[in-house]
Amino acid sequence: MTITIYGIKSCSTMKKAFTKLDDLGISYDFHDYKKQGIDKDSVQRWVDELGIDKVLNKRGTTWRKLDDSQKQAADASLDNAIDLLLENTSMIKRPIVEGELTDKNKNILLCGYDEADFDKVFS
């Protein structure tokens, strides 16, 4: 099983996800995209699979601090939205959990923390 959890270490939602994975006995790698950045291919893959509305967090302070022209550009073009996520990784909804459950021969991609989803996927 190869699982990577993407996010920001200090985020309270991330802490819930770490605790849940630990409780379920799931080993994982952590990628802190605040410190390590994130590549465009990963963000594009997440948006392609989950949709921009799921990946782009419009409820956070980073989105609210953008000027109206930046918000309109992101809403008007998927490429602009992805570029904005790459520049402002805090706007990527957390956590992103991606990987393969080798014992179930299944790829997973979760966005956001929902305890029931984690139980369903990993139990």
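Here is what the cut-offs are and how they apply
- Residues numbered from 1 in each chain as written.
- Predicted model: local features only at pLDDT ≥ 70, side-chain atom pairs only at ≥ 80, totals over all residues.
- Heavy atoms only, no water.
- UniProt positions renumbered as here; feature names shortened; annotations may be inferred.
- Salt bridge = Lys/Arg side-chain N within 4 Å of Asp/Glu carboxyl O.
- Helix = DSSP H or I, 4+ residues; strand = E, 2+ residues; numbered from the N terminus.
- Buried < 20%, exposed > 50% of the residue type's maximum accessible area, 1.4 Å probe, protein only.
- Contact = heavy atoms within 4.5 Å.
- Pairing = 2+ DSSP bridges.
- Axes fitted to C-alpha atoms, helices over the stretch in contact; angles between N-to-C directions.
- Phe/Tyr/Trp six-rings, centres within 6.5 Å; stacked < 30°, edge-to-face > 60°.
- Lys NZ or Arg CZ within 6 Å of the ring centre and 35° of its normal.

Named according to an unreviewed UniProt entry, the protein is Spx/MgsR family transcriptional regulator originating from Psychrobacter immobilis. The Sequence similarities (unreviewed entry) field of the UniProt record for the protein holds the comment "Belongs to the ArsC family."

What follows is about the pattern of salt bridges. Evaluation of the coordinates by the stated rule reveals five salt bridges. Taking the shortest distance from any N to any O, the salt bridge between Lys58 and Asp75 comes out at 2.6 Å. In this pair, Lys58 is assigned in the loop between α3 (52–55) and α4 (61–65) and Asp75 in helix α5 (residues 68–76), connecting sequence segments 17 residues apart. Owing to a relative accessible area of 34%, Lys58 belongs among the partly exposed residues under this scheme. Owing to a relative accessible area of 52%, Asp75 belongs among the exposed residues under this scheme. The structure contains a network of salt bridges with shared partners spanning Lys20, Glu115 and Asp119.

Following the sequence through the fold, Thr4 ends up in strand β1 (residues 2–7). Residue classification places Thr4 among the buried positions, given a relative accessible area of 17%. For Thr4, the contacting residues outside a window of four places in its chain are Asp29, His31, Ile96, Val97 and Glu98.

The subject of this paragraph is the sheet that holds strand β4 (residues 106–111). Backbone-to-backbone hydrogen bonds pair the strands of a sheet. The strands run either parallel or antiparallel. Spatially, the four strands line up as an open sheet ordered β2-β1-β3-β4, and their pairing is mixed. Unpaired on one side and paired on the other, β2 (29–32) and β4 mark the two borders of the sheet. Ignoring strand direction, the axes of neighbouring strands in this sheet form an average angle of 15°. Where strand β3 (residues 96–101) and β4 come together, six bridges link them in antiparallel fashion.

As a further point, take the packing of aromatic side chains. Considering all chains together, one arrives at five aromatic pairs under this definition. With centroids separated by 5.8 Å and ring planes inclined at 15°, the aromatic side chains of Phe18 and Tyr28 adopt a geometry described as stacked. Note that Phe18 is positioned in helix α1 (residues 12–23) and Tyr28 in the loop between α1 and β2, a separation of 10 residues in sequence. On the basis of relative accessibility, which here comes to 24%, the residue Tyr28 falls in the partly exposed class. The ring of Phe18 carries the charged tip of Lys9 above its face, separated from the ring centre by 5.4 Å.

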